[in-house]
Amino acid sequence: MGAKATLARVLRARFTPLIVLAALMVLVPMLAPSSFHLRVAALVWIFALAALGLTVLMGYAGQVSLGHAGFVGIGAYAVAIGPARLGLDPLLCLLLGAVLAGVIAYGVGRPILKLKGYYLAIATLGFGVIVALVLHSEAEITGGPDGMAVSRLSLFGWRVSGALNWYWVTSGALLIGALLALNIAASPTGRALRALHDSEVAAAGTGIDVGAKKLAAFVAAAVYGAVAGGLLAAMNGLITPEAASFSHSIELVAMVIIGGLGSVFGTVVGAAFLVVLPQMLTALQEYEQAVLGLLIMVFMIFLPQGIVPSIRAYILERLP
Amino acid sequence: MSLLEVRDMGISFGGLKAVDGVSFSVEAGQVFSIIGPNGAGKTTLFNLVTGIYRPSRGKVTLAGEDMTGLAPHLLVRRGMARTFQNLQIFFRMTAMENVMVGCNLSERTSFLADLLGLPSVGRQNQVTRDKAIALLERVGLAPLAHAPAGGLPYGALKRLEIARALGAGPKILLLDEPAAGCNAVETEAIDHLIADIAKAGVGVVLIEHDMKLVMKISDRVLVLAHGRPLAEGLPRVVRENPQVIAAYLGDHGSREADRAHG
Ligand SMILES: Nc1ncnc2c1ncn2[C@@H]1O[C@H](COP(=O)(O)OP(=O)(O)OP(=O)(O)O)[C@@H](O)[C@H]1O
Ligand SMILES: [Mg+2]
């Protein structure tokens, strides 16, 4: 009883995911110091950051988006285009990209968030397709399908380069993103989002402005996506419209669902699953995609709540 | 001037006049009941008054202020809260979180403060939690505060909805069949609760099929049939009204009559 209560408290404590995540971030470079491993880990953190936007939008508020990669693309190309075509500072462009994504989300979200379920899914899908299309076709500005080179990011005079440095920068960004997402969950805003997830009628019946709350979640999700996109572009030094593609949107949705919808730590686990597994499966060559698909199915069948919530529930049940 | 005044409300769905020319007024501290056979238009009338449907005619005023056609979340802010006939619970939240959501109008943190997790958010959460616990105690659900709402029995959920609605600090509370599906003990508890709410000065509008409950706690009763008002007045007078008896013994009403006597 005592042990169970303690563990239950630890598992439910607000900052447990953050502490575990920070510990992991310190451990990875000790266990896997090669620059290849660090690069993969940094990619996990970036994708997790993008997917955290969906954790707020889909996990908390229950609003589906199949166009989230559109915002990743906006953030990525802001960091690519701003310095190359306008001579702006890359860090400033990272912020501008986030603001731009937020403003676009505000404009797009107002009409489409009136839609529900499948209809919202299709409308967001349409948005993502349009962003990808523009990035493809405006070749003079975006470089078209071949993409464009991205200049180095410098943080207050420090030029970020090398796998380890990028590892720490992306770690920091994800920690901040995770902290903010956990803060929202434990606040009046978080309660309002979870409430409208369960019943919009009842949420409105308690005085919640359902439309405004959904819009806030949508804008927040867009900003997460754009910051992640900007980091992705700057780290890789190259960006293509692939970043905004439909398949990328689907991948982000898969991350939050596999990891555990609404779970911040689950989002990181889901991102790790979909970034690391393909790397491990490359040895299988042409079977890689098939095995990956199979693994996703197996995980969803046996851990239908997602990896993290399912394991947590399992542990809590098994304790004496 | 009454607390709540509803004048000549009407709405049609296709050709069906679901509510047709209904007027009533409710005073602070009063229990005003609306009864009528299934499909009489009671819930539709609630949906018109609380802004879920836009009335094709009629007017709603609350404390003299015109509320007609206002969105539900704005109506709550002006003091009108309700519960739902088909439960509308936040099933994935605990009982306490449900009531905490009900208290959101008194919460004073901004989105930015929530995002940054400022100390003011923690203090606000504590204030809201205390309020929610007090409300759960009031409806007798305090022992179940931390239970997931999805696992609570039906009677508890009915009371949970009332606690959540009270969180908005309403001047007027509309209850759509709060005792439906409740056993005798639970009905008794709801009966006391409603009387207690009215005694605190809240105007209560009650839709209820349990005639014993209605006759016992109502100050006034309005009878609807086919969307139209059939009779209105003191419970005892309405009960004796021959038109009301006929409506309740008609093909729609025999079940109601059974319930009234059983
Ligand atoms: N949105 C709607 N669209 C079409 N018809 C509706 C709608 N809402 C209600 N109705 C119809 O209006 C009539 C009144 O329904 P309402 O739910 O108000 O009855 P009620 O008095 O609450 O009945 P009950 O005692 O069964 O709850 C019914 O015939 C119903 O089918
Ligand atoms: Mg009804």
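Structural notes, computed from the coordinates.

Conventions adopted
- Residues numbered from 1 in each chain as written.
- Chains lettered and ligands numbered in written order.
- Predicted model: local features only at pLDDT ≥ 70, side-chain atom pairs only at ≥ 80, totals over all residues.
- Heavy atoms only, no water.
- Helix = DSSP H or I, 4+ residues; strand = E, 2+ residues; numbered from the N terminus.
- Rg over C-alpha atoms; globule rule 2.2 N^0.38 Å.
- Buried < 20%, exposed > 50% of the residue type's maximum accessible area, 1.4 Å probe, protein only.
- Areas by Shrake-Rupley, 256 points an atom, 1.4 Å probe, with all protein chains shown as cover.
- Lys, Arg positive; Asp, Glu negative; His and termini not counted.
- Charge placed at Lys NZ, Arg CZ, Asp CG, Glu CD.
- Core = buried A, V, L, I, M, F, W, Y, C linked by side-chain atoms within 4.5 Å.
- Donors = N, O, S within 2.8 Å, 3.2 Å for Na, K, Ca; no water.
- Pairing = 2+ DSSP bridges.
- Contact = heavy atoms within 4.5 Å.
- Buried area = accessible area lost by both parts, 1.4 Å probe.
- Salt bridge = Lys/Arg side-chain N within 4 Å of Asp/Glu carboxyl O.
- Polar contact = N/O pair within 3.5 Å; in protein donor to acceptor, adjacent residues only side chain to side chain.
- Nonpolar A, V, L, I, M, F, W, Y, C, P; charged D, E, K, R; others polar.
- Axes fitted to C-alpha atoms, helices over the stretch in contact; angles between N-to-C directions.
- Left-handed = near helix turned anticlockwise from the far one by under 90°.

Thoughts on the overall build of chain A
Point 1. Within chain A, the regular secondary structure consists of 15 helices and four strands.
Point 2. Against the globule reference of 20 Å for 320 residues, chain A gives a C-alpha radius of gyration of 20 Å, in line with a compact fold.
Point 3. Its C-alpha atoms put chain A at 65 × 50 × 45 Å along the principal axes.
Point 4. A buried classification covers 51% of the 320 residues belonging to chain A.
Point 5. Summed over all atoms, the accessible surface of chain A reaches about 13900 Å², with 71% contributed by carbon and sulfur.
Point 6. Counting 17 positive and 12 negative side-chain charges, chain A places the averaged centre of each group 16 Å from the other.

Considerations on the nonpolar core
What tends to happen in soluble globular proteins is that the nonpolar side chains get buried as a cluster.
Point 1. In terms of nonpolar packing, the biggest core is built from 105 residues, with Leu 174, Ile 239 and Leu 252 of chain A touching the most fellow members.
Point 2. Top contributing element to this core by residue count: helix H3 (residues 35-60) of chain A, with 18 residues.
Point 3. Formed by 38 residues, the second largest nonpolar core is a distinct cluster that contains Leu 141, Ala 149, Leu 152 and Ile 217 of chain B.

As for the coordination of the magnesium ion (ligand 2)
Residues and elements named next belong to chain B.
Point 1. Bound to the magnesium ion (ligand 2) on the protein side are Thr 43 (OG1) and Gln 85 (OE1), at distances that span 1.9 to 2.0 Å. Within this pair, whereas Thr 43 is found in helix H1 (residues 42-49), its partner Gln 85 is found in the loop between strand E6 (80-82) and helix H3 (95-102), the two being separated by 42 residues in sequence.
Point 2. Classification of Thr 43 as partly exposed rests on a relative accessible area of 25%.
Point 3. Under the relative-accessibility criterion, Gln 85 is labelled partly exposed at 33%.

What to know about the pairing of strand E10 (residues 228-233) of chain B
The side chains of a regular strand alternate, first on one face of the sheet and then on the other.
Residue and element names in this part refer to chain B.
Point 1. Strand direction decides the pairing type here: strand E9 (residues 220-225) and E10, joined by five bridges, are antiparallel. Each bridged residue has a counterpart across the sheet, and for Val 221 the counterpart in E10 is Gly 233.
Point 2. Linking two consecutive strands that pair antiparallel, namely E9 and E10, is a turn of two residues; a positive phi of about 50° is found at His 226 within it.

Observations concerning the interface of chain B and chain A
Point 1. Contacts between chain B and chain A engage 30 residues on the former and 25 residues on the latter.
Point 2. Carbon and sulfur atoms supply 59% of the area buried between chain B and chain A, which totals about 2300 Å² over both sides.
Point 3. Put simply, chain B and chain A have three salt bridges between them.
Point 4. Measuring nitrogen to oxygen at the nearest pair gives 2.6 Å for the salt bridge that ties Arg 191 of chain A to Glu 107 of chain B.
Point 5. Where chain B meets chain A, there are 14 residue pairs in polar contact (both at pLDDT 80 or more).
Point 6. Only helix H2 (72-77), H3, helix H4 (111-116) and helix H5 (119-138) of chain B provide two or more residues apiece to the side of chain B that touches chain A.
Point 7. Classifying every residue of the side of chain B that touches chain A by side-chain character gives 15 nonpolar, nine polar and six charged.

Some details on the pattern of salt bridges
Point 1. Under the definition given, this model contains 14 salt bridges over all chains.
Point 2. The structure contains a network of salt bridges with shared partners spanning Asp 8, Asp 20, Arg 57 and Arg 228 of chain B.

Concerning the sheet that holds strand E3 (residues 31-35) of chain B
All names here are of chain B.
Point 1. Pairing is mixed in the open sheet, where six strands are placed in the order E6-E7-E8-E3-E9-E10. One side of each edge strand has no neighbouring strand; the edge strands of this open sheet are E6 and E10. Sheet twist, expressed as the mean angle between neighbouring strand axes with direction ignored, is 20°.
Point 2. The sheet contact formed by E3 and E9 spans four bridges and is parallel. Across the sheet, the residue bridging to Ser 33 is Val 221, located in E9.
Point 3. In the packing of H1 onto the sheet, contacts are made with E3, E6, strand E7 (172-176), strand E8 (203-207) and E9, and the angle to E7 comes to roughly 150°.
Point 4. Against the sheet, helix H7 (residues 184-199) contacts E3, E7 and E8, and its axis sits at roughly 150° relative to E8.

Considerations on the pairing of strand E4 (residues 57-62) of chain B
Residue and element names in this part refer to chain B.
Point 1. Note that strand E1 (residues 4-13) and E4 share five bridges and pair antiparallel. By the bridge assignment for E4, Glu 5 is matched with Thr 61.
Point 2. Here E4 pairs with strand E5 (residues 65-66) via two bridges, running antiparallel. Of the residues in E5, the one forming a bridge with Thr 61 is Asp 66.
Point 3. Where E4 folds back on E5, the antiparallel hairpin that results is connected by two residues, among which Ala 63 adopts a positive phi of roughly 50°.

Overview of the packing of helix H5 (residues 90-112) of chain A against helix H6 (residues 117-137) of chain A
Residue and element names in this part refer to chain A.
Point 1. Packing of H5 against H6 leaves a shortest axis separation of 11 Å and a crossing angle of 150°. Here H5 and H6 pass one another in a crossing that is right-handed. Here H5 contributes Ile 104, Val 108 and Ile 112 to the contact with H6, which in turn contributes Leu 120, Ala 123, Thr 124 and Phe 127.
Point 2. Grouping the constituent residues of the contact of H5 with H6 by class yields six nonpolar, one polar and no charged.

Bear in mind that shape data such as this cannot, by itself, settle questions of function.
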